[in-house]
Amino acid sequence: MAKYSVILGNVGNFSDRYMTCGYQKEYTLEELFDRVKSIKGVTGVELVGTWHITPDNAKRVKENLERTGLELVSIIPENFGRPEYGKGAYSSKDAAIRRKAVDETKEIIDIARFLGGDLLSLWPGQDGYDYHFQGDYLEEHGWFIDSVRECCKHRPDVKISIEYKPREPRNFSYPATAASTLLMVNEVGLPNCGVTVDYGHGTAAHENVAESVAILKKYGDKLFHIHMNDNYGEWDDDMITGSIHTIPFIEFFYWLKRTGYDGYISTDQYPYREDGRDACNESVRWFDILYGMADKIDDAEIKKIYQTGNACEISAFLRKLMFNDTSK
């Protein structure tokens, strides 16, 4: 059965470089938890380190988890929005910064266990480079891998899931694609290291994200977590799931089902001008629709289509699936 969660900040206030005070009102921690809880079908919540969780407020967060009955799905370490990490965290050229990033990640791992969680979704937003000849690709990949490996060894009962993205805030990010992330994960070489697929990141990387799901299954069963949103393919717009893509999402959810993915599916959105709670609710409602369509796909019928690869048969299959249209 599908399990849905929401990143806590998705139902709050959002700012950009033009509206630095944000487009929405500010909410208390308790109000954010209540807004997530109000979304039908959502049973989990994700937190962002320093935004929502610190050693000083861990008890308060635990009380809100218990009060709302939400499961802690993941914590995202916040080493991408502070000046000291502006030139990288796990692959920083400064060994002291790498040390700080690893030590803070270990601290978040311990907090996750205190809160009953067993997953960190690692988005290394500032790891990468902007200019040619700026990055020593071999050395910096090595530093990144060594840093993640040390974090994984800290508590083998907590999964470390690396979320890739092709760019932003750096012009080139480490890691950038499902394949490059999988190579890093395999070099880390530990069973609690895997991959977070963010659908919008994959689209911006010009991936067919359904194929990325299959690749991660085939080469080590390394899909640990999923973030969902939508975009136009050129940028990480973080829009409501289903607002742009439909058929690619159906294929994506089909491959989640076929590969046996049983983890959470989280919203990861920036609804600047929309009410965040309502925008996340719309995504979750689309999750239900898309999972329902995946469940309706007949295994024998799709196997036959895969054997021929006939594009006209595929089109007719999708018309029937989506609109019950069987016309010839």
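Just so it is clear, the structure is predicted and the values come from calculations on it, not from any experiment.

Student: How should the environment of Gly-242 be read in this particular structure?
Tutor: Residue placement: Gly-242 occurs in the loop between strand E9 (223-228) and helix H8 (247-258). Taking the relative accessible area as the measure of exposure, Gly-242 reaches 9% and is therefore buried. Note: C-alpha distance between Gly-242 and Arg-285 (43 residues apart in sequence) is 9.5 Å. Not counting residues up to four positions away in its chain, the partners in contact with Gly-242 are Asp-230, Phe-249 and Trp-286.

Student: Just to check I follow, could you spell out the packing of aromatic side chains for this structure?
Tutor: For any pair of aromatic rings, the description rests on two quantities: the centre-to-centre distance and the angle between the ring planes. For the coordinates displayed, the defined rule picks out 18 aromatic pairs. Relative to Trp-123, the ring of Phe-80 lies with its centre 4.8 Å away and its plane at 55°, an arrangement referred to as tilted. In this pair, Phe-80 sits in the loop between strand E3 (71-76) and helix H3 (95-114) while Trp-123 sits in the loop between strand E4 (119-122) and strand E5 (128-129), placing the two residues 43 residues apart along the sequence. Exposure remark for Phe-80: the relative accessible area of 14% places this residue in the buried category. Pairing Tyr-270 with Tyr-272 gives two aromatic rings, centres 5.8 Å apart and planes at 55°, and the pair type is tilted. Accessibility expressed as a relative area gives 28% for Tyr-270, which makes it partly exposed. Among the residues examined, Tyr-272 registers a relative accessible area of 24% and is labelled partly exposed. Positioned above the aromatic ring of Phe-224 is the side chain of Lys-159, whose terminal nitrogen or guanidinium carbon lies 4.8 Å from the ring centre.

Student: Mind showing me how you'd approach the nonpolar core here?
Tutor: Side chains that are nonpolar tend, in soluble globular proteins, to be buried together. Residues Phe-252, Phe-253, Leu-256 and Ile-265 are the most contacted members of the largest nonpolar core, which totals 82 residues. Residues within four places of Ile-265 in sequence aside, it is in contact with Lys-3, Tyr-4, Ser-5, Ile-226, Met-228, Phe-253, Leu-256, Phe-287 and Tyr-291. Core analysis: the next-biggest nonpolar cluster, separate from the first, contains five residues, Ile-7, Val-48, Ile-76 and Trp-123 among them.

Student: Please explain the packing of helix H10 (residues 299-308) against helix H11 (residues 311-323) as it appears in this structure.
Tutor: Any two packed helices are characterised by how steeply their axes cross, that is the angle between the axes, and by the distance between the axes. At their nearest, the axes of H10 and H11 sit 10 Å apart, and the two run at 155° to each other. Taken together, the axis directions place H10 and H11 in an arrangement best described as roughly antiparallel. Crossing of H10 over H11 shows left-handed handedness. Packed against H10, whose contacting residues are Glu-301, Ile-302, Ile-305 and Thr-308, the element H11 presents Glu-313, Ile-314, Phe-317 and Lys-320 at the interface. Looking at the contact of H10 with H11 residue by residue, the classes come out as four nonpolar, one polar and three charged.

Student: Just to check I follow, could you spell out empty space enclosed by the protein for this structure?
Tutor: If a probe the size of a water molecule is rolled over the atoms, the empty space left behind becomes visible. In total, this model carries one cavity of 30 Å³ or more according to the counting rule given. For the largest cavity, the calculated volume is near 40 Å³. Lining of the largest cavity is provided by Lys-165, Pro-166, Arg-167, Glu-168, Ala-204, Trp-235 and Asp-236.

Student: I keep staring at unusual backbone geometry and nothing clicks. Help me out?
Tutor: Phi is mostly negative for residues that are not glycine, and the peptide bonds are mostly trans. Residues Glu-168 and Pro-169 are joined by a peptide bond in cis, for which omega reads 10°. Its place among the elements puts Pro-169 in the loop between strand E6 (159-163) and strand E7 (172-173). Residue Pro-175 is bonded to the preceding Tyr-174 through a cis peptide linkage, with omega at -20°. If you trace the backbone, Pro-175 turns up in the loop between E7 and helix H5 (178-188). Even without a glycine there, the phi angle at Phe-133 is positive, about 70°. Relative to the helices and strands, Phe-133 resides in the loop between E5 and helix H4 (137-154).

Student: So what exactly am I meant to see when it comes to the layout of surface pockets here?
Tutor: Considered as a void within the structure, the largest pocket measures approximately 1000 Å³ in volume. Lining the largest pocket we find 38 residues, and of these Phe-14, Ser-15, Trp-51, Phe-80 and Tyr-270 sit closest to its centre. Its residues placed into classes, the lining of the largest pocket shows 15 nonpolar, 13 polar and 10 charged. Roughly 420 Å³ of volume is contained in the second largest pocket. Residue lining of the second largest pocket: 23 residues in total, with Lys-159, Phe-224, Tyr-261, Asp-262 and Gly-263 positioned closest to the centre.

Student: Would you mind going over H3 with me for this structure?
Tutor: Every α-helix winds through 3.6 residues per turn, so residues three or four apart in the chain are directed the same way. With 20 residues, H3 should cover 28 Å at 1.5 Å per step; its first-to-last C-alpha distance of 29 Å lies within 8% of that length. Against helix H2 (58-68), E3, E4, H4 and E6 lie the buried residues of H3. For H3, the side-chain oxygen to backbone nitrogen distance between the N-cap and Ala-96 is 2.8 Å, and the N-cap itself is Asp-94.

The rules we used
- Sequence order as written defines the numbering, with residues in each chain counted from 1.
- This being a predicted model, a pLDDT of at least 70 is required before a residue's local features are given, and a value of 80 or more before pairs of side-chain atoms are given or counted; all residues contribute to the totals for chains, interfaces and linings.
- Note that the side-chain values use all heavy atoms of the structure and ignore hydrogens as well as water.
- Starting at the N terminus, helices and strands are each numbered in turn, a helix being any DSSP run of H or I of at least four residues and a strand any DSSP run of E of at least two.
- Throughout this description, buried means an accessible area under 20% of the type-specific maximum (1.4 Å probe, protein chains only), exposed means over 50%, and partly exposed covers the range between.
- In what follows, residue pairs with any heavy atoms lying within 4.5 Å of each other are defined as contacts.
- Two rings belonging to Phe, Tyr or Trp (six-membered ring only in the last case) form a pair when the distance between their centres is within 6.5 Å. Interplanar angles under 30 degrees mark stacking, angles over 60 mark edge-to-face geometry, and anything in between is tilted.
- By definition here, charges over rings are those cases where NZ of Lys or CZ of Arg is within 6 Å of the ring centre and within 35 degrees of the ring normal.
- For this analysis, a nonpolar core means a set of buried residues of the types Ala, Val, Leu, Ile, Met, Phe, Trp, Tyr and Cys, connected via side-chain atoms within 4.5 Å.
- In this analysis an axis means a line fitted to C-alpha atoms, helices contributing only their contacting stretch, and an angle means the value between N-to-C directions, from 0 to 180 degrees.
- Small angles under 35 degrees read as roughly parallel and large ones over 145 as roughly antiparallel, with 65 to 115 read as roughly perpendicular and the rest as oblique.
- Left-handed describes a crossing in which the near helix is turned anticlockwise from the far one by less than a right angle; the clockwise case is right-handed.
- Under the scheme applied, nonpolar residues are Ala, Val, Leu, Ile, Met, Phe, Trp, Tyr, Cys and Pro; charged residues are Asp, Glu, Lys and Arg; polar residues are all the others, including Gly.
- Cavity and pocket criteria rest on a 1 Å grid covering protein atoms alone: a 1.4 Å probe that fits but cannot get out defines a cavity, protein on both sides within 12 Å along at least 5 of 7 lines defines an open pocket, and an atom within 4 Å of a point defines a lining residue.
- Grid points are joined across faces, edges and corners, and a volume is the space filled by probe spheres set on the points.
- Working rule for helices: expected span equals 1.5 Å times residues minus one.
- Under this definition, polar contacts are N or O atom pairs within 3.5 Å; protein pairs additionally need one hydrogen-donor-capable and one acceptor-capable atom, and for neighbouring residues in sequence, both atoms have to be side-chain atoms.

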